[in-house]
Amino acid sequence: MIGTSIGPYRVVRKLGAGGMGAVFEAVHRTIQHRVCIKVLHPEYAKNAEFAQRFFNEARAVNLADHPGLVQVSDYGHLPDGTAYIVMELVKGETLSQRLHDLGGSMPVCDVLRIGLQIADSLAAAHAKNIVHRDLKPENVMIIPDPQLPGGERTKLLDFGIAKLDANKDVAQLRTKTNTIMGTPVYMSPEQCRGSGGVDDRSDCYSLGVLLYALLAGHPPFMGEGMGEILGKHMYEEPPPLGEQVLGLPERLITLVHSLLKKDRQQRPAMRQVAQELEALLEELPQRVKRRSASGIAPLAAAALPGSQTELPPARPATAPGGPPPSPSQSFHPTVPVPTNLVGPDAAPARAPAERAGGGPVSAGRRPPPVPPTDGENGNVRKNCLPPAVFPTYLA
């Protein structure tokens, strides 16, 4: 398709491909405006349900009309039957890439900031009776935005399996009962059952899984196969988040577990979630916010109001037969040491043999690397990874 025209746009390069379609960058021939064009292969476009699901993405994001949703400007069919959507071209990285760069988990301040933006975007969609149904790190883009706290904005991708309310005067995707749609690790219990009555509280559950994963470095339910994961979502309670990450604010723990309720009627609405995340973010002391913005993960329990565990001041430990450790290696010998920290609060380094021996550090997560910074100002460079443009926009 390189060099071909789709309406007024000329396709200039391929951004990615998948089993059902491909994504291209294109430029308007007259005004030179660049867009992203997502195409559905002709063999799938001939299937009415696939085509309807594909075009749902265009309808859903335009109905919600929120800056946290990637905007769609046009859609249609090519002469050969290929279905296409013309979308806003967004350059940044996915939340999945950010997690990989950080080593699997994020500072509390960043989790609250990103979680608030996601919740606000989903609340706008829910207000228009649109349910995303596939929230996961791969479907969240993080792009620069100097106007927002933290200098970043999230953009939700892939409303392709979004459910539009049947009472609205729009074409909708009618999901058959016992049809499972979504990503198992982040699916709600009602999605796992293939229930046809999935509503906005399903997105609330998925956000709870996402927040849990951002804080703990892993989702609440994991398994060797899809069946095992689905069963855990439906029948098992998640491991207590406060036991996975030391010192989290009790209010945050309560919020995450309320989102993970099996009974969807017991979960808070997305607008309530956004309000609670905003209140939690406002409670963070300024010094914690500054350290988070500079790429240094704060000690979870040390400065957060309402924290479940207050860690005592660090006390140096002297290694047998050697000099006392530096301040950055100090830790309190009677308190379990969090292993998801970087900077001056990091746990002391251990030799590989000690990690393999099952000591207190080897039982936890591997500490993430310190992100590179821009000179003396200590600001984390946002271009640590090559820019990713719509890597998950494939059906």
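Residues numbered from 1 in each chain as written. Predicted model: local features only at pLDDT ≥ 70, side-chain atom pairs only at ≥ 80, totals over all residues. Heavy atoms only, no water.

### Focus: the packing of aromatic side chains
In step 1: Taken as a whole and judged by the stated rule, the model has 1 aromatic pair.
In step 2: With a centroid separation of 4.7 Å and 45° between ring planes, the pair formed by Phe55 and Tyr75 is classed as tilted. Of the two residues, Phe55 sits in helix H2 (residues 48-64) while Tyr75 sits in strand S5 (residues 72-77), which places them 20 residues apart along the sequence. (Phe/Tyr/Trp six-rings, centres within 6.5 Å; stacked < 30°, edge-to-face > 60°. Helix = DSSP H or I, 4+ residues; strand = E, 2+ residues; numbered from the N terminus.)

### Concerning the sheet that holds strand S3 (residues 21-28)
In step 1: Taken in spatial order, the 6 strands make up an open sheet running S1-S2-S3-S4-S6-S5, and their pairing is antiparallel. Strands at the two margins of the open sheet, each flanked by one partner only, are strand S1 (5-6) and S5.
In step 2: By the bridge criterion, 7 bridges tie strand S2 (residues 9-17) to S3 in an arrangement that is antiparallel. Directly across from Arg13, in S3, lies its bridge partner Glu25. (Pairing = 2+ DSSP bridges.)

### Describing the nonpolar core
In step 1: In terms of nonpolar packing, the biggest core is built from 72 residues, with Ile118, Leu207 and Leu241 touching the most fellow members.
In step 2: In contact with Leu241, other than residues within four places in its own chain, are Tyr212, Leu215, Ala216, Leu248, Ile253, Val256 and His257.
In step 3: Counting 12 residues, the second largest nonpolar core, distinct from the first, contains Ile6, Ile37, Tyr84 and Val86. (Core = buried A, V, L, I, M, F, W, Y, C linked by side-chain atoms within 4.5 Å. Buried < 20%, exposed > 50% of the residue type's maximum accessible area, 1.4 Å probe, protein only. Contact = heavy atoms within 4.5 Å.)

### Some points on the pairing of S2
In step 1: Where S1 lies against S2, 2 bridges are found, and the strand directions are antiparallel. Pairing of Ser5 across the sheet is with Arg10, part of S2.
In step 2: The turn linking S1 back onto S2 is made up of 2 residues, and Gly7 within it adopts a positive phi angle of 60°.

### Regarding the pattern of salt bridges
In step 1: Within the structure shown, the criterion is met by 15 salt bridges.
In step 2: Here Arg271 makes a salt bridge to Asp120, at a shortest N to O gap of 2.8 Å. In this pair, Arg271 is assigned in helix H10 (residues 270-283) and Asp120 in helix H4 (residues 108-127), connecting sequence segments 151 residues apart.
In step 3: By relative accessible area, which is 39% here, Arg271 ends up partly exposed.
In step 4: Between Asp134 and Lys136 there is a salt bridge, and its shortest N-O distance comes to 3.8 Å.
In step 5: We classify Asp134 as buried; its relative accessible area is 9%.
In step 6: The exposure class of Lys136 is buried, given its relative accessible area of 17%. (Salt bridge = Lys/Arg side-chain N within 4 Å of Asp/Glu carboxyl O.)

### Focus: the confidence of the model for the protein chain
In step 1: Scored by pLDDT, the protein chain has a mean of 73; 65% of the residues are at 70 or more.
In step 2: Below pLDDT 50 for its whole length, residues 164-180 participates in 39 contacts with residues either more than four positions away or in separate chains.
In step 3: Considering only residues more than four positions removed or in separate chains, one finds that residues 293-395, a stretch of pLDDT under 50, has 184 contacts. (pLDDT = per-residue confidence, 0-100.)

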